[in-house]
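Chain and residue survey
Given next are the chains, with one letter for each unit.
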Amino acid sequence: AQTVTQSQPEMSVQEAETVTLSCTYDTSESDYYLFWYKQPPSRQMILVIRQEAYKQQNATENRFSVNFQKAAKSFSLKISDSQLGDAAMYFCAYKGDNYGQNFVFGPGTRLSVLP
Amino acid sequence: GAGVSQSPSNKVTEKGKDVELRCDPISGHTALYWYRQSLGQGLEFLIYFQGNSAPDKSGLPSDRFSAERTGGSVSTLTIQRTQQEDSAVYLCASSRGSGGAGEQFFGPGTRLTVL
């Protein structure tokens, strides 16, 4: 079974600085998808970014980018120019490519942004 | 179109009562998921519906918990004889359900408080 690990329960970053959140996963599959979700205090889960495993190029969405290392099974999220609104829980998630496969979520990292 | 909706947004009940939580997924999404999230914690998978397949009930914590999905659309999560430890936010999500990067879209959750 696949597992997702986030080794940083809590992180903090100064406003306008850069922070990297770690995620590692375990799988024997070659085709899969990885996601980062954000959950602010409002508790609404929002997709931040996703990566297809068959793509070597790292995904980027504005200030958010990932460092996808397939061989190392690592999928870290970098937030540049951190803003107060980035404060939230961040969850890393895995999904296999086969029909009907469930999502597997990591335990989450709570990010605080300091003014 | 509309996103995933859940009702009620908040529910307070007395220990021993039964409760029903409702989820309306995005139209056309064949996959529907229920999660439980205790305060400040990660997502605990409960149950997963995929099309007409038998649901994956492997996450249900006890036989007091059950869920159904009528007509492949609306889902109801029922908790019988509620206990104080059932207090949590219950999140519903839906996805296209096909193989591929069909990310989950989450509802706003139902906060359940058992007195």
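Going by the structure above, here's the rest.
Notes on the structure in this doc start here. In every chain, residue numbers begin from 1 and rise along the written sequence. Think of it this way: whatever chain is written first is A, whatever ligand is written first is 1, and the rest follow in order. The model is predicted, so local features are restricted to residues of pLDDT at least 70 and side-chain atom pairs to those at 80 or more, both for listing and for counting; the totals for chains, interfaces and linings are taken over all residues. For the side-chain quantities, the full set of heavy atoms in the structure was used; hydrogens and water were omitted.

So, about the sheet that holds strand 3 (residues 19–24) of chain B. All names here are of chain B. Spatially, 4 strands are ordered 1-3-7-6 in an open sheet, and the strand pairing comes out antiparallel. The open sheet has two edge strands, strand 1 (5–7) and strand 6 (65–69), and neither has a second partner. Strand-to-strand twist across the sheet, computed as the mean angle between neighbouring axes with direction ignored, equals 15°. Here, a strand pair is defined by DSSP locating no fewer than two bridges between the strands. Helix and strand assignments come from DSSP, with helices taken as H or I runs of at least 4 residues and strands as E runs of at least 2, each series counted from the N terminus. Inspection of the sheet shows strand 6 paired to strand 7 (residues 75–79) by 5 bridges, in the antiparallel sense. Within strand 7, the position partnered with Ala67 by the bridge is Leu77. Here an axis means a line fitted to C-alpha atoms, over the contact stretch when the element is a helix, while the angle between two N-to-C directions is reported on a 0 to 180 degree scale.

Turning to unusual backbone geometry, a few remarks are in order. As a rule of thumb, non-glycine residues mostly have phi less than zero, and peptide bonds are mostly trans rather than cis. A cis amide bond, omega -10°, links Ser7 of chain B with the succeeding residue Pro8 of chain B. By the element assignment, Pro8 of chain B lies in the loop between strand 1 and strand 2 (10–13). Of note, Arg43 of chain A is a non-glycine position whose phi angle comes to about 75°, a positive value. Mapped onto the elements of the fold, Arg43 of chain A is located in the loop between strand 5 (32–39) and strand 6 (46–52). One non-glycine residue, Lys73 of chain A, lies in positive phi territory at about 55°. As for its position among the elements, Lys73 of chain A is in the loop between strand 8 (64–69) and strand 9 (74–79). Lys73 of chain A sits in the partly exposed class, given a relative accessible area of 26%. Burial classes: relative accessible area under 20% of the type maximum marks a residue as buried, over 50% as exposed, and values in between as partly exposed (1.4 Å probe, protein chains only).

Okay, the pairing of strand 9 of chain A next. Two faces make up the sheet, and in a regular strand the side chains alternate between them. All names here are of chain A. With 3 bridges connecting them, strand 3 (residues 19–21) and strand 9 associate as antiparallel partners. Bridge assignment links Val19 to a residue of strand 9, and that residue is Ile79. Sheet analysis places strand 8 next to strand 9, joined by 6 bridges and oriented antiparallel. Looking at strand 9, one finds that Phe68 is bridged to Phe75.

Take the nonpolar core next. Judged by nonpolar contacts, the single largest core of 25 residues is most densely connected at Tyr25, Trp36, Phe75, Leu77 and Tyr90 of chain A. Put simply, the parts of the chain that give this core at least two residues each are strand 3, strand 5, strand 6, strand 8, strand 9, strand 10 (88–96) and strand 12 (109–114) of chain A. At 4 residues, the largest contribution of residues to this core is made by strand 10 of chain A. If we ignore the near neighbours within four places in the chain, the residues touching Leu77 of chain A are Val19, Thr20, Leu21, Trp36, Val48, Ile49, Phe64, Ser65, Val66 and Tyr90 of chain A. Residues Cys23, Leu32, Ile47 and Phe49 of chain B belong to the second largest nonpolar core, which totals 20 residues. Think of a nonpolar core as a cluster: buried Ala, Val, Leu, Ile, Met, Phe, Trp, Tyr and Cys residues, connected wherever their side-chain atoms sit within 4.5 Å. Contact criterion: two residues are considered in contact whenever any of their non-hydrogen atoms come within 4.5 Å of each other.

Okay, the state of the cysteines next. By disulfide we mean two sulfur atoms from cysteines, separated by a distance within 2.5 Å. Scanning the model with the defined rule gives 2 disulfides over all chains in all. What pairs with Cys23 of chain A in a disulfide is Cys92 of chain A, and their sulfur atoms sit 2.0 Å apart. The chirality of the disulfide connecting Cys23 of chain A with Cys92 of chain A is left-handed, given an S-S dihedral of about -70°. Note that Cys23 of chain A is positioned in the loop between strand 3 and strand 4 (24–26) and Cys92 of chain A in strand 10, a separation of 69 residues in sequence. Grouping residues by exposure puts Cys23 of chain A and Cys92 of chain A together as buried. What pairs with Cys23 of chain B in a disulfide is Cys92 of chain B, and their sulfur atoms sit 1.8 Å apart. Linking Cys23 of chain B and Cys92 of chain B, the disulfide has an S-S dihedral of approximately -65° and is accordingly described as left-handed. Placement of the pair is Cys23 of chain B in strand 3 and Cys92 of chain B in strand 8 (residues 88–95), with a sequence separation of 69 residues. Exposure remark for Cys23 of chain B: the relative accessible area of 0% places this residue in the buried category.

Geometric values such as these leave the question of function open.
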